[in-house]
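Chain by chain, the residues:
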Amino acid sequence: MRHFLQIDGLSTKDLHHILDTTESFTSIDDRAVKKVPLLRGKTIVNLFFEPSTRTRTTFELAAKRLSADVLNINIATSATTKGESLLDTLFNLQAMNSDMFIVRHPESGAAEFISNYVDSHVSVINAGDGRHAHPTQAMLDMFTIRKHYKEFSKLRVAIVGDILHSRVARSQIEALNILGAKEIRVIAPRTLLPANVAQLGVEVFQNCKEGLFNVDVVIMLRLQKERMQGGFIPSEHEYFQLYGLTPERLAIAKPNAIVMHPGPINRGVEISSEVADGPQSVILQQVKYGIAVRMAILSLAMSSADENGGGN
Ligand code: CP
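Residues numbered from 1 in each chain as written. Predicted model: local features only at pLDDT ≥ 70, side-chain atom pairs only at ≥ 80, totals over all residues. Heavy atoms only, no water.

What about the overall build of the protein?
Phase 1: A count of helices and strands for the protein gives eleven helices and nine strands.
Phase 2: In terms of C-alpha radius of gyration, the protein reaches 19 Å, essentially the compact-globule figure of 20 Å for 312 residues.
Phase 3: In terms of overall dimensions, the protein has a C-alpha envelope of 55 × 45 × 35 Å along the principal axes.
Phase 4: Each charge class in the protein can be summarised by its mean position, and for the 33 positive and 33 negative side chains these summaries are 4 Å apart. (Helix = DSSP H or I, 4+ residues; strand = E, 2+ residues; numbered from the N terminus. Rg over C-alpha atoms; globule rule 2.2 N^0.38 Å. Lys, Arg positive; Asp, Glu negative; His and termini not counted. Charge placed at Lys NZ, Arg CZ, Asp CG, Glu CD.)

With respect to the site of the ligand
Phase 1: What surrounds the ligand is the set Ser52, Thr53, Arg54, Thr55, Arg104, His134, Gln137, Pro262 and Gly263.
Phase 2: The contact in question runs from a nitrogen atom of the ligand to an N or O atom on the backbone of Pro262, over 2.8 Å.
Phase 3: Burial of the ligand by the protein amounts to 91% of the accessible area it has alone, namely 260 Å².
Phase 4: Considering only residue class, the shell around the ligand consists of one nonpolar, six polar and two charged.
Phase 5: Two domains share the shell around the ligand, each providing at least three of its residues, namely domain 1 (12-133 + 287-307) and domain 2 (135-286). (Near = heavy atom within 4 Å. Polar contact = N/O pair within 3.5 Å; in protein donor to acceptor, adjacent residues only side chain to side chain. Areas by Shrake-Rupley, 256 points an atom, 1.4 Å probe, with all protein chains shown as cover. Nonpolar A, V, L, I, M, F, W, Y, C, P; charged D, E, K, R; others polar. Domains from an automatic or database assignment.)

Regarding helix 11 (residues 283-307)
Phase 1: Taking 1.5 Å of rise per residue, the 25 residues of helix 11 would be expected to cover 36 Å, and the 36 Å separating its terminal C-alpha atoms lies within 8% of that figure.
Phase 2: Along helix 11, the sharpest change in direction is near 30° and occurs at Tyr289.
Phase 3: Within helix 11, 18 of the 25 residues are buried, leaving the element largely enclosed by the surrounding structure. (Expected span 1.5 Å × (residues − 1). Bend = angle between axes of the 7 residues up to and from the residue. Buried < 20%, exposed > 50% of the residue type's maximum accessible area, 1.4 Å probe, protein only.)

A look at the environment of Val36
Phase 1: Here Val36 lies in the loop between helix 1 (12-26) and strand 1 (43-48).
Phase 2: Measuring from C-alpha to C-alpha, the distance between Val36 and Tyr149 comes to 29 Å, with 113 residues separating the pair along the chain.
Phase 3: In this structure, Val36 is in contact with Ile28, Arg31, Arg65, Leu66 and Ser67, ignoring residues within four places of it in sequence. (Contact = heavy atoms within 4.5 Å.)

Thoughts on unusual backbone geometry
Phase 1: Backbone torsion omega between Gly263 and Pro264 reads -5°, so that peptide bond is classified as cis.
Phase 2: By the secondary structure assignment, Pro264 is in the loop between strand 9 (258-260) and helix 10 (273-276).
Phase 3: Of note in the backbone geometry, Asn214 takes a positive phi value of approximately 70° without being a glycine.
Phase 4: Assignment of secondary structure puts Asn214 in the loop between helix 7 (208-211) and strand 8 (217-220).
Phase 5: Overall, Asn214 belongs to the partly exposed group, its relative accessible area being 29%.

Brief notes about the sheet that holds strand 1
Phase 1: The strand order 2-1-3-4 describes an open sheet built from four strands, whose pairing is parallel. Looking at strand neighbours, the two that pair on one side only are strand 2 (69-74) and strand 4 (123-129), the edges of this open sheet. Strand-to-strand, the axes of this sheet are offset by a mean angle of 15°, without reference to chain direction.
Phase 2: Across five bridges, strand 1 lies against strand 3 (residues 100-105) in parallel orientation. Bridge assignment links Asn46 to a residue of strand 3, and that residue is Ile102.
Phase 3: Helix-sheet contacts for helix 11 involve strand 1, strand 3 and strand 4, and the interaxial angle to strand 4 is about 145°. (Pairing = 2+ DSSP bridges. Axes fitted to C-alpha atoms, helices over the stretch in contact; angles between N-to-C directions.)

Here's the deal with the domain arrangement of the protein
Phase 1: Segmentation of the protein into domains returns domain 1 (12-133 + 287-307) and domain 2 (135-286).
Phase 2: Centre-to-centre, using C-alpha coordinates, domain 1 lies 26 Å away from domain 2.
Phase 3: Taken together, the contacts link 29 residues of domain 1 with 27 residues of domain 2.
Phase 4: By the criterion of area lost to domain 2, the three top residues of domain 1 are Leu19, Arg131 and Tyr289, representing 30% of everything that side buries. (Buried area = accessible area lost by both parts, 1.4 Å probe.)

Description of the layout of surface pockets
Phase 1: Empty space within the largest pocket amounts to approximately 350 Å³.
Phase 2: Looking at the largest pocket, it is lined by 21 residues, and the ones nearest its centre are Arg104, Arg167, Arg222, Gly263 and Pro264.
Phase 3: For the lining of the largest pocket, the secondary structure elements donating two or more residues are helix 2 (54-65) and helix 6 (167-178).
Phase 4: Class assignment for the residues of the lining of the largest pocket results in five nonpolar, nine polar and seven charged.
Phase 5: Looking at the second largest pocket, its volume works out to about 260 Å³.
Phase 6: Lining the second largest pocket we find 21 residues, and of these His261, Ile265, Ile283, Leu284 and Val287 sit closest to its centre.
Phase 7: Looking at the lining of the second largest pocket, the elements that each hand over two or more residues are helix 2, helix 5 (135-148) and helix 11.
Phase 8: Per-class residue counts for the lining of the second largest pocket are nine nonpolar, eight polar and four charged.
Phase 9: Here the lining of the second largest pocket spans two domains, and each of domain 1 (12-133 + 287-307) and domain 2 (135-286) adds at least three residues to it. (1 Å grid on protein atoms, 1.4 Å probe; cavity = no way out; pocket = protein on both sides within 12 Å on 5 of 7 lines; lining within 4 Å. Points joined across faces, edges and corners; volume = space filled by probe spheres on them.)

The structure is reproduced here in structure tokens:
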């Protein structure tokens, strides 16, 4: 895995290998000196063409904890604003002997596009492209689930909200199917479901009462307004009345069901504060595990890149 672009195409063994490698990195977070020398001398470029809080910072922390040098390119103040193309930006950064690009872009396929143009020793990691994929988010979600439940094959997982515009949901569904989850449910109004939703290997519900019944994991999604053109819901107030996760609605799931959300959360739109801050919420654990998951993915990708002709 020199590049890490999507979950689709990976095997059960691949995903467990990433999760096992992540486990070995979690203890670094508890050390006084949170650093290992695995990527010393490597240069990693955070190339984010879209806003991000969690993904960009946890990739930066992951790279620094592996002792890499990190460049954070601020696209708003870069030469992109003077008309420089994506590829010219890439080639210039590559000329600085960069070893890895972590790419977030509003266009689906942007990370794969970039991966076709980098040198053979350079890795590209997809940090979220359009509606297509957010594979490192899906892996940190799988890691969080595995920390709470031993076997995916016994789990019923509900993903609730804006499935249509969600790259996170797509990657989560792929990962849950590969890991053999017992049942994957999506719960959303018809307007927020993709046309091919049934082909994704999920059970479809438009009603929370039915969809949340007896599930072990509830994953909430925000309304991704930046990808919506036109009105998909009557109002946020009405959406919350029908789909917002309240304590009463969460009580339909299994008593100890965990509540997840990739963030950013919109309180009072898809989730109430009582649930987001409540005892079943693992939302901040997801963020914490994001560092170890990204350390695992960076180190595995760099190791493949080195085998492909890189190295110090
Ligand atoms: N989950 C996620 O991708 O959050 P950010 O947009 O803050 O990176």
